[in-house]
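Residue-level listing of the chains:
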Amino acid sequence: MVVTQQGRPSPVMDAGPDPFVTAQRQFDIAAEFLNLDPGVRSILREVQRVLEVNFPVHMDDGSIEMFKGYRAQHNLHRGPTKGGIRYHPGVTLSEVKALSMWMTWKCAIFKLPYGGAKGGVVVDPRRLSQHELENLTRRFATEISVFIGPERDIPAPDVGTNAQTMAWIMDTYSMHKGYSVPAVVTGKPLSIGGSEGRNEATGRGVMIITIEALKHLDLDYQKATVAIQGFGNVGSHSARLLAKEGVKVVAVSDVTGGIYNPAGLNIPDVLRYVEEHGSLQGFRNAEYVTNAELLTLPVTVLIPAALENQITETNAGQVRARVITEAANGPVDPEADEILNDNGIFLLPDVLANAGGVTVSYFEWVQDLQNFFWSEKEIDQRLADIMRDSFRRVLAAKESHDVNMRLAAYILAVKTVSDASNARSIYP
Ligand code: NAD
């Protein structure tokens, strides 16, 4: 039996600081500000549970490949844990831990009764056939089944995974139980207990919060221009929904590079092109820009919607946007944060800006548990209300503490989680 090993880190993800160190540094700043009790502080700056799995998968050519995956649960004080599963060659334990911590803060800001979790498999999903992806997903779901469950830890899609991946996880888990358990994952297809509005929820949240920020800054959003890095689930829905509101999307990119038209891109055309060709490469009526160039275009709003560590000390000074909406998790590192802040850029932090996804995931979980489903209109309205309410609460914290939006969001989040931690105290 020949077994090969997957999992060489990709050059893209090797760049930049260690994500978990970044997450801890962001937490430390808020903990310091809140003068957090040292005991609670030492609990919250670590990840409570981590599972590493190494598992074989049958490939189409008859060979067997070994894959490595993780599931991290940062904090269980406020309820079950919740967070996506990522398939990407650059997945590392540090990245999964950071993403799980960010999920904790996001859920706390949005008053969702969850702690944060995240999972990932070191794999380039584009290299695998659909059959191999199904094998990989079912085996990974089996390996982490000791960790997940509707009352324990509820996965969702993230980079490289989608509704189909969630359907395979739901089916695998249900087969083991002997009955259907829709609430074990969110972001599923509608036919098996998914929610209306979930697929576009993160992008919808990004659109709502970006427009709220522009209004707050007295900028006419219908005159605003936007550049979006990443044209996957989050980036493409953000682009589509912003364009629908009359915002001019002038640049978008994917892993192959970007396209730029200062007069505005026709987003429905771009979506059709990507649907047909699989990427943005070769799209006409726009000039080619690299991903690095896209970040420094003269636009009103910059929306990083791909991966971590895209804006660092090296390029932060060249960012010309007035607003940054962090649709991706962790796209700006702490050094860049300071530079952007000094340059007067209004930054909507990831824990606030991209929480539309987990919010509608929460709606999906509630609907599954009740076996009672809501209309799309109801979902969109509830999402809009909760996004605007969270924006206003973070803005109020920013103004009352005279801090930036990231620290304001962290102050709310860390306070909420530390209150829960104190209330429960330490067992035994
Ligand atoms: P996705 O896999 O659907 O899309 C990722 C996009 O990024 C693709 O267009 C890909 O080509 C592009 N990309 C990959 N590597 C890149 C690189 N090096 N440079 C530029 N572009 C690159 O993933 P997604 O679900 O849209 O997630 C994007 C980001 O949003 C991630 O940070 C994720 O954690 C975050 N997020 C996703 C959700 C969700 O509901 N899917 C929710 C909250 C946050």
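Below, the structure is looked at part by part. (Residues numbered from 1 in each chain as written. Predicted model: local features only at pLDDT ≥ 70, side-chain atom pairs only at ≥ 80, totals over all residues. Heavy atoms only, no water.)

Across its full length, the protein carries 15 helices and 13 strands. Dimensions of the protein, computed from the C-alpha atoms along their principal axes, are close to 60 × 55 × 45 Å. Taking all 428 residues of the protein together, 58% fall into the buried category. By sequence separation, contacts in the protein at least 24 residues apart represent 69% of the contacts at least 6 residues apart. Of the roughly 17700 Å² of accessible surface on the protein, 50% is carried by carbon and sulfur atoms. Separation between the mean location of the 41 positive side-chain charges and that of the 50 negative ones in the protein comes to 4 Å. (Helix = DSSP H or I, 4+ residues; strand = E, 2+ residues; numbered from the N terminus. Buried < 20%, exposed > 50% of the residue type's maximum accessible area, 1.4 Å probe, protein only. Contact = heavy atoms within 4.5 Å. Areas by Shrake-Rupley, 256 points an atom, 1.4 Å probe, with all protein chains shown as cover. Lys, Arg positive; Asp, Glu negative; His and termini not counted. Charge placed at Lys NZ, Arg CZ, Asp CG, Glu CD.)

A separate point is the packing of helix H14 (residues 376-401) against helix H15 (residues 405-424). Put simply, H14 and H15 touch, their axes get as near as 8 Å, and they point 105 degrees apart. Judged on the interaxial angle alone, H15 and H14 are roughly perpendicular. Contacts between H14 and H15 involve Phe391, Arg393, Val394, Leu395, Ala397, Lys398 and His401 on the former and, on the latter, Met405, Ala408, Ala409, Ile411 and Leu412. Here the residues of the contact of H14 with H15 are counted per class, giving 9 nonpolar, 1 polar and 2 charged. (Axes fitted to C-alpha atoms, helices over the stretch in contact; angles between N-to-C directions. Parallel < 35°, antiparallel > 145°, perpendicular 65-115°, else oblique. Nonpolar A, V, L, I, M, F, W, Y, C, P; charged D, E, K, R; others polar.)

The next thing to look at is the sheet that holds strand S7 (residues 225-229). Judged by pairing direction, the sheet is mixed, and its 7 strands sit side by side in the order S10-S9-S8-S7-S11-S12-S13 without closing on themselves. The two strands at the open ends of the sheet, each matched to only one other strand, are strand S10 (287-289) and strand S13 (346-348). Averaged over all neighbouring strand pairs, the angle between strand axes comes to 20 degrees, with direction disregarded. As judged from the 4 bridges shared by S7 and strand S11 (residues 301-304), these two strands associate in the parallel manner. Each bridged residue has a counterpart across the sheet, and for valine 226 the counterpart in S11 is valine 301. (Pairing = 2+ DSSP bridges.)

A separate point is helix H6 (residues 163-177). For H6, spanning 15 residues, the distance from its first C-alpha to its last is 21 Å, which sits close to the expected 21 Å at 1.5 Å a residue. Turning to H6, its buried residues number three or more, namely Thr165, Met166, Ala167, Trp168, Ile169, Met170, Thr172, Tyr173 and Ser174. Taken together, the buried residues of H6 touch strand S4 (81-88), helix H5 (130-143) and strand S6 (153-157). Following H6 by one or two positions, glycine 178 adopts a phi angle in the positive range, close to 95 degrees. (Expected span 1.5 Å × (residues − 1).)

Once that is clear, we can look at the packing of aromatic side chains. Under the defined criterion, the tally for this structure stands at 10 aromatic pairs. Both rings, one in tyrosine 362 and one in tryptophan 365, keep their centres 6.3 Å apart while their planes meet at 35 degrees; by these two values the pair is tilted. Of this pair, tyrosine 362 and tryptophan 365 both sit in helix H13 (residues 356-370), 3 residues apart, which is roughly one turn of that helix. The buried category is assigned to tryptophan 365, whose relative accessible area is 11%. (Phe/Tyr/Trp six-rings, centres within 6.5 Å; stacked < 30°, edge-to-face > 60°.)

As a further point, take the site of the ligand. Residues in contact with the ligand amount to 23 residues; listed here are only the nearest, Arg86, Asp158, Thr202, Asn233 and Asn329. The contact in question runs from an oxygen atom of the ligand to an N or O atom on the backbone of phenylalanine 231, over 2.9 Å. In this structure, asparagine 329 approaches the ligand through a side-chain N or O atom, which is 2.8 Å from an oxygen atom. Isolated, the ligand exposes 830 Å² of accessible area, and the fraction of that covered by the protein chains is 87%. Tallied by class, residues from the shell around the ligand come to 11 nonpolar, 8 polar and 4 charged. (Near = heavy atom within 4 Å. Polar contact = N/O pair within 3.5 Å; in protein donor to acceptor, adjacent residues only side chain to side chain.)

In this section: the nonpolar core. Counting 92 residues, the largest nonpolar core has Trp105, Val252, Val270, Ile303, Phe346, Leu348 and Phe391 as the members making the most contacts within it. Structurally, this core is a two-domain feature, drawing no fewer than three residues from each of domain 1 (3-7 + 50-189) and domain 2 (201-353). Leucine 348 has contacts with Ile209, Thr210, Ala213, Val323, Ile324, Thr325, Glu326, Ala353, Phe391 and Met405, leaving out every residue within four places of it along the chain. (Core = buried A, V, L, I, M, F, W, Y, C linked by side-chain atoms within 4.5 Å. Domains from an automatic or database assignment.)

Below, the discussion takes up the pairing of strand S3 (residues 64-73). Counting buried residues in S3 gives 8 out of 10 residues, a clear majority hidden from the surface. The pairing of strand S2 (residues 49-58) with S3 spans 10 bridges and is antiparallel. Residue pairing in the sheet places glutamate 52 in a bridge with tyrosine 70 of S3. Hairpin geometry of S2 and S3 is characterised by an intervening segment of 5 residues between the two adjacent antiparallel strands and by a positive phi of about 95 degrees at glycine 62. Of the pairings in the sheet, the one linking S3 to strand S5 (residues 115-122) comprises 5 bridges and is antiparallel in character. The partner of tyrosine 70 across the bridge, within S5, is glycine 120.

Along its 26 residues, H14 runs 37 Å from first to last C-alpha, staying within 8% of the 38 Å computed at 1.5 Å per residue. When we look at burial in H14, the residues that qualify are Ile379, Asp380, Leu383, Ala384, Ile386, Met387, Ser390, Phe391, Val394, Leu395 and Ala397. Packed against the buried residues of H14 are helix H4 (93-109), helix H7 (201-216), S13, helix H12 (350-353), H13 and H15.

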